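Each chain, letter by letter, is given below.
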Amino acid sequence: MTPASSSSHSISYRKRKPAIFIVHLAALVCVSMWGMSFVSSKVLLDAGMGTVEIYIYRFLLAWLLILAISHKRFRSHSWRDEGMFAMCGICAGSIYFIVENTALQYTLTTNVSLLTSLSPLFTVFLAGLLYRNERADWRVYLGSLIAFSGVACVIFNSASQLEINPLGDILSIGAAVSWAIYSLILKRLNANYDVWYVTRKTFFYGVVTALPFMFLLPDNLHNPLPYLESFDVILNLLFLGLGASMVAYLLWAYSVKHLGAVKAGNYMYFQAPVTMIASYFILGDQITFLGVLGCALIIAGLWFGDWLTRRHNMRVNSR
């Protein structure tokens, strides 16, 4: 290999390997948008829109925008890959959102928020079963448990009771497992497809598999034109479609591609405190000492688990 070809090879490699700070920032921005999306969804629900209706509009808008930018390729490499794209659309789209919103009808919002926050733990567990190189040890689980206790504090910031309802709680856990499955499938697809293509396929199958629910649930089928007369509705729909769907899912696919499903999944713990802060400024909800403690525990748990793991690896490598 000539020096020139070696130099060009190293340059191309650096292009494929972004700075780790950028990747972590992408994951943080992504989860921040998802945290704020709860507030935007509440505004649309208060305006009279249905849960499935909101989901379809935001994903359809995101799909059309990505299609306008990335439209050169339509067919995947195989039917197996196409099936995996369909699973992404179901696990991260239609089923996840519909199951989560249905759970709210049977149990408290507190329970749903707490149990869906288990998705990083399920991701760690499933990744360890499927991928040897992502198998976590007790250090990662310890950090995750500390962070999860912080999520519980944030959620109970404005709640004073915990109600047990088997159906609602089981549905909430199902949503968390669904997201974990999506993250792991995403890891495999990212190896063969770019993030634009993966995200576009995810939105397409998410919308297609959600359409039957709109017709099965009459409360989710409205004439959209009256809603467009409200500036708040338009603004929040644009945020959900452009930000929390299109940009956030692209950033998530990018983060999983370069961090792995487990490390990227840990950022999901930040969703609850972002929702708490956004609710304070936009909806006027109060922030208590318990909420502040929860934010501190989330940051401490993620840092502590990562620090223990890095310290252990340094000891092993020095032997």
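Every value quoted in this text rests on a predicted model; they were computed, and no experiment measured them. (Residues numbered from 1 in each chain as written. Predicted model: local features only at pLDDT ≥ 70, side-chain atom pairs only at ≥ 80, totals over all residues. Heavy atoms only, no water.)

Digging into the packing of helix H3 (residues 51-69) against helix H10 (residues 231-259)
Packed helices, taken two at a time, are described by the angle between their axes plus the distance between the axes. Keep this limit in mind: Here an angle of 0 to 180 degrees is reported between the N-to-C directions of two axes, which are lines fitted to C-alpha atoms, with helices fitted over the stretch in contact. Strands here are runs of E lasting at least two residues and helices are runs of H or I lasting at least four, both read from the DSSP assignment and numbered beginning at the N terminus. Orientation categories follow fixed angle ranges, with anything under 35 degrees roughly parallel, anything over 145 roughly antiparallel, 65 to 115 roughly perpendicular, and all other angles oblique. By convention, the crossing between two helices is left-handed when the near helix turns anticlockwise from the far helix through less than a right angle, and right-handed when the turn is clockwise. The contact definition used throughout considers only heavy atoms, calling two residues in contact when any of these lie within 4.5 Å. Residues are grouped as follows: Ala, Val, Leu, Ile, Met, Phe, Trp, Tyr, Cys and Pro are nonpolar; Asp, Glu, Lys and Arg are charged; every other residue, Gly included, is polar.
Contact geometry for H3 and H10: axes closest at 8 Å, N-to-C directions at 60°. As judged from the angle between their axes, H3 and H10 are oblique. When you trace H3 past H10, the crossing you get is right-handed. Along its contact with H3, which presents Ile54, Tyr57, Arg58, Phe59, Leu61, Ala62, Leu65, Ile66 and Ile69, the element H10 presents Leu237, Leu238, Leu240, Gly241, Leu242, Ala244, Ser245, Met246, Tyr249 and Leu250. Its residues placed into classes, the contact of H3 with H10 shows 16 nonpolar, 2 polar and 1 charged.

A word on the packing of aromatic side chains
Under the convention used in this document: Each pair of aromatic rings taken from Phe, Tyr and Trp, with Trp reduced to its six-membered ring, is defined by centres within 6.5 Å and is described as stacked if the planes are under 30 degrees apart, edge-to-face if over 60, and tilted in the remaining cases. We call a residue buried when its accessible area falls under 20% of the maximum for its residue type, exposed when it is over 50%, and partly exposed in between, using a 1.4 Å probe and counting protein chains only. Put simply, a charge is over a ring when the Lys NZ or the Arg CZ is close to the ring centre, within 6 Å, and near the line of the ring normal, within 35 degrees.
Summed over all chains, the structure comprises 21 aromatic pairs. With 5.3 Å between their ring centres and 55° between their planes, Tyr96 and Trp179 make a pair best called tilted. Of this pair, Tyr96 sits in helix H4 (residues 79-103) while Trp179 sits in helix H8 (residues 166-189), and the two are 83 residues apart along the sequence. Neither Tyr96 nor Trp179 differs from the other in exposure class; each is buried. Put simply, the rings of Trp34, Tyr55, Phe59, Tyr96, Phe97, Trp179, Tyr182, Phe203, Tyr249 and Trp252 pair up and form one aromatic cluster. For the cation-ring pair, Arg73 lies above Tyr197, with the distance from its terminal atom to the ring centre recorded as 5.3 Å.

Some words on the pattern of salt bridges
Put simply, the rule reads: Any Lys or Arg side-chain nitrogen located within 4 Å of an Asp or Glu carboxyl oxygen qualifies as a salt bridge.
Enumeration according to the criterion identifies 1 salt bridge in this entry. Two residues, Lys201 and Glu82, come together in a salt bridge whose shortest N-O distance is 2.6 Å. Of this pair, Lys201 sits in helix H9 (residues 195-216) while Glu82 is found in helix H4, placing the two residues 119 residues apart along the sequence. Looking at Lys201, the relative accessible area reads 9%, which means it is buried.

Thoughts on the side chain of Arg58
Selection criterion: The definition of a polar contact used here is a pair of N or O atoms within 3.5 Å, where within protein one atom must be able to donate a hydrogen and the other to accept one, and adjacent residues in sequence count solely through side-chain atom pairs.
Locating Arg58 in the fold gives a position in helix H3. A polar contact is formed between the side chain of Arg58 and the backbone oxygen of Ala244, at a distance of 3.4 Å. A polar atom in the side chain of Arg58 sits 2.9 Å from the side chain of Ser245. Every residue in contact with Arg58, bar those within four places of it in the chain, is listed here: Phe97, Leu240, Gly241, Ala244 and Ser245.

The quantities given are spatial measurements derived from coordinates; they are silent on function.
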